[in-house]
Amino acid sequence: MSAISTIFTALFYLSLAIFLIGMSRKIYQYWVTPAPLKIPTAPTPLTQTGVVMRMAREVALFESLFKSNKWTWLFGWLFHVGLLLVLLRHARYFWPGDLPEIFLLIQPFKYAAFAMVIGLVGLMGRRIFVERIRYISAPSDYLMLIMLLVIGVSGAIMTFTSNHTDVIMVKEFASGLITFNWADLPTEVHFLVHLFLVFVLMAIFPISKLLHVPGVFFSPTRNQVDDARKKRHISPWALKQEQEHAVKLDETLGQDNSEGK
Amino acid sequence: MAAKEFDIPKLPTYIEIPEINEGIMEGDGPFKSSKEFQNPLGFPGEKVDNWQEVAIEKMGELKSKYRSVQVFLDSCVKCGACTDKCHYFLGSSDPKNMPVARQDLFRSVYRRHFTFAGKYFPKLVGAKELDDEMLDDWYNYFHQCSQCRRCSVFCPYGIDTAEISMAAREVLDAVGVGQKYCNQILGKAITIGNNLGLPEPALRDTLLDLEEEIEEETGIAVKYPLDVKGAEILLITPSADFFAEPHIDGLIGYGKVFHEDGVSWTMSSYASEGANFGMFIGSYDIMRKAALRIRKAALDLEVSRVMVGECGHAWRVAYSFWNTLTGVGAGATDEFGLKLQNQLDSRYPQPQHIIEYTHDLIQRDKIKFDKSANDDRTVTFHDSCNVARATNMGGIPNGQFILPREVLKAVCNNYVDMERSTIKESTFCCGGGGGLLTDDLMEIRIKGAMPRMQALKEIEKTDGVDTLVAICAICKSQFSKVLPKFDFDPYMIVSAHQLVSEAIIMEKPQTDDSATQEAEEVTE
């Protein structure tokens with residue numbers, strides 16, 4: 001195996017490990033942090049089914065964003081749906097042997113890459129040209145878009161131009177990562193850049209705003225049933241406080257240097 | 001401190017998203033609280049020496065106690081969906097009044113101290129140190145947020161700036177930099193029982209005067225019982241209802257409705273406040289302390305129903321939080337919560353809103369109206385933010401929008417709604433909520449009222465609307481102040497129950513009042 005293949009193989013496992021460990025830690029943190037009060041935002045669902053439907057609309061259709069701004073919604077939705085389809089199409093590289101037929105249904109969607117790139121360009125345009133959004137943007141916000149754009153464009157170059165890479169080799173490399181039959185990878189620069197940035201993306205997932213992916217599912221304003229009068233909702237820390245028969249003000253406060261309370 | 005000169009916004013035909021104007025709302029913020037108001041709440045009297053340490057520790061505590069804080073700090077992608085949704089930004093054009101930028105004051109410190117990227121690459125991710133300047137910005141800009149939650153409706157992750165602003169205010173209180181208005185009022189509420197500091201004799205006198213006034217005017221002896229043990233309903237209403245215009249006309253309305261229904265009811269001098277400013281300063285404990293007074297009053301007076309008057313955040317606290325804080329509805333485990341739940345009549349929602357009550361009587365034809373009494377008015381309804389975005393009424397989807405409108409349509413002939421994007425879940429705050437209803441914040445209050453005033457101006461032009469109804473004490477006070485600044489009649493703002501009061505047909509002479517009088521009066 002070539003040195004470059006070894007490095008990329010190692011990088012894959014490294015970034016995957018960071019991704020899995022980091023995400024597990026964050027999801028665990030969200031899971032164990034209580035939501036002490038009922039704070040769903042209108043229009044609120046009154047039943048658990050309603051919450052599931054709301055979350056489904058939010059995740060699949062970006063309902064709230066649609067209400068807010070049609071352009072941001074359009075670009076954001078194009079990007080995410082494009083990315084999802086493109087990711088699904090990548091399954092064929094990682095699948096050892098012949099792909100189950102169900103995945104063939106996704107093959108015609110190779111043009112999703114364009115949706116993804118158009119979406120990203122639109123989002124970048126908004127970030128640069130809309131004064132308000134420029135004001136709230138940090139360097140990392142631009143970098144994130146640039147990184148995704150480079151990933152999308154380098155991928156599209158391999159698919160749609162004559163600069164194809166050796167897909168058989170890619171499949172051997174990628175499925176080898178899964179089955180631990182490590183193999184060499186093609187060494188075209190655009191392919192290596194594509195791959196490297198995907199690894200970076202995986203590694204920064206748990207330490208960046210990409211946490212919006214698990215975050216949306218844990219958002220109390222979106223995942224709570226509006227039934228406060230019917231069912232008692234109480235967090236462990238509040239219950240403990242109640243059981244101790246105390247409204248303890250002192251414990252939650254900073255040190256007071258001045259005289260008595 | 002001399003009042004700063006500022007321009008009152010002009011009302012455009014359509015709300016335009018302003019170009020940003022950095023620093024235009026910079027300032028010292030509202031008057032700071034002093035030791036005499038801080039200490040009774042358990043807060044340091046002045047900025048503590050090691051305030052940075054205390055603040056960071058407090059932030060850590062809050063994000064481990066509130067999932068909302070932790071998730072919202074992590075999840076924002078800076079998409080900008082909220083940037084044009086805040087009435088304070090639309091009215092002031094200060095970019096730090098864009099919800100995401102307001103959150104970022106807090107988030108940037110969170111990133112610096114609690115995240116890998118912020119610790120090692122602060123510039124890259126916009127992480128910032130909590131220095132004096134930042135703390136000043138917190139104090140100023142987190143008191144330019146009315147916690148109305150409009151931004152949360154439009155956020156793809158439901159990020160609620162109110163949660164962040166409550167957390168920031170909690171940190172500020174913990175380091176001894178509290179807001180005078182809220183903390184002074186809270187001191188009165190948790191010692192005397194209402195925000196005005198109105199003691200029992202004063203309250204009793206006020207109510208007696210009111211009874212006389214109504215009897216003189218209508219010839220009917222509508223009663224305003226106080227501390228009547230064994231009454232069916234305990235009414236918890238904002239103390240503004242006891243004396244201020246236009247609030248008191250709403251209280252007159254509640255009394256007439258109770259009278260017509262023939263139900264026995266009472267108010268409590270121990271818990272004579274619906275408002276709960278503990279929510280504004282983000283303190284679970286103080287909010288609970290205020291709510292526990294109401295539980296005690298309900299237990300002492302042995303009522304079987306608890307009802308809440310027209311007050312926006314009071315209804316949020318009552319509807320969404322009371323059951324959690326004190327166990328008023330179902331599922332309580334502590335001694336007093338269980339006692340209360342056994343005592344309250346489970347056939348009714350507990351607590352119930354006065355609008356739900358009146359609506360139910362209308363549905364059952366128990367009260368009748370002469371709608372023509374309000375024919376001189378063309379009425380519109382301002383959805384108060386806490387009612388609209390944080391509660392429900394009637395137990396039906398969107399009941400909090402439907403019930404008040406149905407009540408209004410039952411009592412007047414001319415009702416129209418304002419522009420759809422400015423009502424219901426998208427309603428614009430009056431500009432005075434969230435602990436901002438103080439004269440030292442008049443500039444932001446007036447600027448923040450602009451979007452609501454704009455929608456009102458349009459419907460005034462198209463439909464001749466001359467009456468604005470709200471079911472929130474803060475909205476009513478705020479509108480009374482700001483309406484004239486935008487060339488409206490300050491008296492156009494009324495309570496929903498004022499219109500009810502004007503149209504209700506008082507059929508029954510006072511008959512079953514004897515029951516109330518026989519009931520034992522509680523003496524302190």
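Every chain is numbered independently, its residues counted from 1 as its sequence is written. Whichever chain is written first is A, and whichever ligand is written first is 1; the rest continue in order. Restriction of local features to residues with pLDDT of at least 70 applies here, the model being predicted, together with a cutoff of 80 or more for giving and counting side-chain atom pairs; totals for whole chains, interfaces and linings are based on all residues.

K.L.:
Help me get a handle on the overall build of chain A, residues and values and all.
P.N.:
In terms of helices and strands, chain A carries 13 helices and 0 strands. Seen in sequence order, chain A has helices and strands lined up from the N terminus as α-α-α-α-α-α-α-α-α-α-α-α-α. Here the C-alpha atoms of chain A give a radius of gyration of 24 Å, more than 25% beyond the 18 Å that 2.2 N^0.38 yields for 261 residues. Counting only C-alpha atoms, chain A reaches 75 × 40 × 40 Å along its principal axes. Here the C-beta atoms are placed from the backbone, and a residue counts as buried if at least 20 other C-beta atoms lie within 10 Å of its own, exposed if 12 or fewer do, and partly exposed otherwise. Counting over 261 residues, chain A shows a buried share of 32%. Counting only contacts in chain A whose residues sit at least 6 apart along the sequence, the fraction spanning at least 24 positions is 72%. The way it works is that DSSP assigns letters per residue, a run of H or I at least four long becomes a helix, a run of E at least two long becomes a strand, and they are numbered from the N terminus. As defined in this context, the radius of gyration uses C-alpha atoms, and a globule is described by 2.2 Å times the residue total to the power 0.38. We call two residues in contact whenever the C-beta atoms placed from their backbones are within 7 Å.

K.L.:
Pulling in residues and values, what's your account of the overall build of chain B?
P.N.:
The secondary structure content of chain B amounts to 23 helices and 7 strands. Computed over C-alpha atoms, the radius of gyration of chain B comes to 23 Å, within 12% of the 24 Å expected from 2.2 N^0.38 for 524 residues, which places it in the range of a compact globule. If one aligns the C-alpha atoms of chain B with their principal axes, the spans along those axes are about 75 × 55 × 45 Å. The burial tally for chain B puts 62% of its 524 residues in the buried class. Long-range pairs, those at least 24 residues apart, make up 79% of the contacts in chain B between residues at least 6 apart in sequence.

K.L.:
Any chance you could break down the packing of helix α3 (residues 67-75) of chain B against helix α10 (residues 161-174) of chain B for me, citing the residues and the numbers?
P.N.:
All names here are of chain B. With their axes 9 Å apart at the nearest point, α3 and α10 run at an angle of 110° to one another. One way to sum up the angle between α3 and α10 is to call them roughly perpendicular. Judged by the sense of rotation from one axis to the other, the crossing of α3 with α10 is left-handed. In contact with Ser68, Val69 and Phe72 of α3, α10 contributes Glu163, Ile164 and Ala167. For the contact of α3 with α10, the per-class residue count stands at 4 nonpolar, 1 polar and 1 charged. Note on geometry: axes are lines fitted to C-alpha atoms, helical ones only across the stretch in contact, with angles between N-to-C directions running from 0 to 180 degrees. Each angle gets one of four labels, with under 35 degrees taken as roughly parallel, over 145 as roughly antiparallel, 65 to 115 as roughly perpendicular, and the rest as oblique. Note on convention: the crossing is left-handed when the near helix lies turned anticlockwise from the far helix by less than a right angle, right-handed when the turn is clockwise. By the convention adopted, Pro, Cys, Tyr, Trp, Phe, Met, Ile, Leu, Val and Ala count as nonpolar, Lys, Arg, Asp and Glu as charged, and the other residues, Gly among them, as polar.

K.L.:
Describe in detail the environment of B:Val407, supporting the description with residues and values.
P.N.:
All names here are of chain B. Inspection of the secondary structure assignment puts Val407 in helix α19 (residues 399-411). Expressed as a C-alpha distance, the spacing of Val407 and Leu499, which sit 92 residues apart in the sequence, is 9.4 Å. Setting aside its immediate chain neighbours within four residues, Val407 contacts Ile355, Thr358, His359, Ile362, Ala496 and Val500.

K.L.:
Tell me about unusual backbone geometry, residues and numbers included.
P.N.:
With an omega of -5°, the peptide bond running from A:Ala42 to A:Pro43 counts as cis. Its location among the elements puts A:Pro43 in the loop between α1 (3-32) and α2 (48-61). Here the bond from B:Glu245 into B:Pro246 is cis, since omega is 0°, no more than 30 degrees from zero. Not every positive phi belongs to a glycine, and A:Phe62 is a case in point at roughly 55°. Along the chain, A:Phe62 falls in the loop between α2 and α3 (63-68).

K.L.:
Tell me about the domain arrangement of chain B, and please be specific about residues and values.
P.N.:
Residue and element names in this part refer to chain B. Here chain B is described as being made up of domain 1 (35-178) and domain 2 (187-503). Bear in mind that the domain bounds are from an automatic or database domain assignment. Just the C-alpha atoms count here: the centres of domain 1 and domain 2 sit 30 Å apart. The interface of domain 1 with domain 2 comprises 22 residues on the first partner and 25 residues on the second. Among the elements of the structure, α4 (87-92), α9 (150-154) and α10 are those that each provide at least two residues to the side of domain 1 that touches domain 2.

K.L.:
Tell me about the confidence of the model for chain B, residues and numbers included.
P.N.:
Residue and element names in this part refer to chain B. Averaged over all residues, the pLDDT of chain B equals 94, while 96% of them reach at least 70. Overall, residues 512-524 carries pLDDT values under 50, and its contacts beyond four positions in sequence, including any with other chains, amount to 23 contacts. The ipTM assigned to the predicted complex is 0.92, against a pTM of 0.93. Along the chain, pLDDT gives the predictor's confidence residue by residue, from 0 to 100.

K.L.:
Can you break down the interface of chain A and chain B residue by residue, with the values?
P.N.:
With 70 residues of chain A at the interface, the matching set in chain B holds 78 residues. Those elements giving two or more residues to the side of chain A that touches chain B turn out to be α1, α3, α4 (70-89), α7 (131-136), α8 (139-160), α11 (212-218), α12 (220-223) and α13 (236-243) of chain A. Among the elements that line the side of chain A that touches chain B, the one with the most residues is α7(A), at 5 residues.

K.L.:
So, the sheet that holds strand β5 (residues 379-381) of chain B: which residues are in play, and what are the values?
P.N.:
All names here are of chain B. Any two strands are treated as partners once DSSP identifies two or more bridges connecting them. The strand order across the open sheet built from 3 strands is β5-β6-β7, with neighbouring strands paired in parallel fashion. Strands with a single pairing partner mark the edges of an open sheet, and in this sheet they are β5 and β7 (493-495). If you compare each strand with its neighbour and ignore which way they point, the axes differ by 35° on average. Sheet topology note: the β5/strand β6 (residues 467-470) ladder contains 3 bridges and is parallel. For Phe381, the partnering residue across the bridge sits in β6 and is Val469. Each of β5, β6 and β7 is contacted by helix α22 (residues 496-503), which is oriented at about 70° to β7, the strand it contacts most.

K.L.:
Residues and numbers for α19(B), please.
P.N.:
All names here are of chain B. A rise of 1.5 Å per residue sets the reference length of α19, with its 13 residues, at 18 Å; its end C-alpha atoms lie 18 Å apart and thus fit the reference within 8%. Along α19, the residues that are buried comprise Gln400, Phe401, Leu403, Pro404, Val407, Leu408, Ala410 and Val411. For α19, the elements touching its buried residues are α17 (354-363), β5, α18 (385-390), β6 and α22. Expected helix span is given by 1.5 Å per residue-to-residue step, counting one fewer step than there are residues.

K.L.:
Quick one: what's the story with the nonpolar core, residue by residue and with numbers?
P.N.:
To count as a nonpolar core, a set of buried Ala, Val, Leu, Ile, Met, Phe, Trp, Tyr and Cys residues must be joined through C-beta atoms within 7 Å. Of all hydrophobic cores here, the largest spans 179 residues; its most connected members are B:Leu234, B:Leu408 and B:Leu499. Here this core gets 9 residues from one element, more than from any other, and that element is helix α14 (residues 284-301) of chain B. Each of domain 1 (35-178) and domain 2 (187-503) of chain B gives at least three residues to this core. Once you skip the residues sitting within four places of it in the chain, B:Leu408 turns out to touch B:Val379, B:Phe381, B:Tyr415, B:Val469, B:Ala496 and B:Leu499. One finds A:Ala113, A:Met116, A:Leu123 and A:Leu148 within the second-largest nonpolar core, a separate group that totals 14 residues.

K.L.:
Break down the sheet that holds strand β3 (residues 305-308) of chain B for me, citing the residues and quoting the values.
P.N.:
Residues and elements named next belong to chain B. Read from one edge of the open sheet, 4 strands run β2-β1-β3-β4, paired in parallel fashion. Only two strands of the sheet have a single neighbouring strand rather than two, namely β2 (265-266) and β4 (352-353). With 2 bridges joining them, β3 and β4 adopt parallel strand pairing. Across the sheet, residue Val308 finds its bridge partner in β4, namely His353.

K.L.:
I'd like a rundown of the packing of helix α5 (residues 99-114) of chain B against α10(B), residues and numbers included.
P.N.:
Residue and element names in this part refer to chain B. At their nearest, the axes of α5 and α10 sit 10 Å apart, and the two run at 35° to each other. Note that α5 runs across α10; the crossing there is left-handed. Here α5 contributes Pro99, Arg102, Gln103 and Phe106 to the contact with α10, which in turn contributes Thr161, Ile164, Ala167 and Ala168. Partitioning the contact of α5 with α10 into residue classes produces 5 nonpolar, 2 polar and 1 charged.

K.L.:
I'd like a description of the pairing of β6(B), backed by residues and values.
P.N.:
Successive side chains on a regular strand alternate, one facing one side of the sheet and the next facing the other. Residues and elements named next belong to chain B. In β6, alternate side chains face the same way, and those of Thr467 and Val469 on one face and Leu468 and Ala470 on the other are all buried. Note: β6 against β7, 3 bridges, orientation parallel. The residue of β7 that forms the bridge with Ala470 is Ser495. A crossover counts as right-handed when, viewed with the strands pointing away from the observer, the path leading from the first strand over the helix to the second turns clockwise. Note on the crossover from β6 through helix α21 (residues 473-482) to β7: the handedness is right-handed.

K.L.:
Can you lay out α2(A) for me, pointing to particular residues and giving the numbers?
P.N.:
Structural remark: α-helix, 3.6 residues per turn; residues separated by three or four positions point the same way. Taking 1.5 Å per residue as the helical rise, α2(A) with its 14 residues ought to reach 20 Å, and the 19 Å between its terminal C-alpha atoms agrees with that figure. Count one or two residues on from α2(A) and you reach A:Phe62, which has phi positive near 55°.

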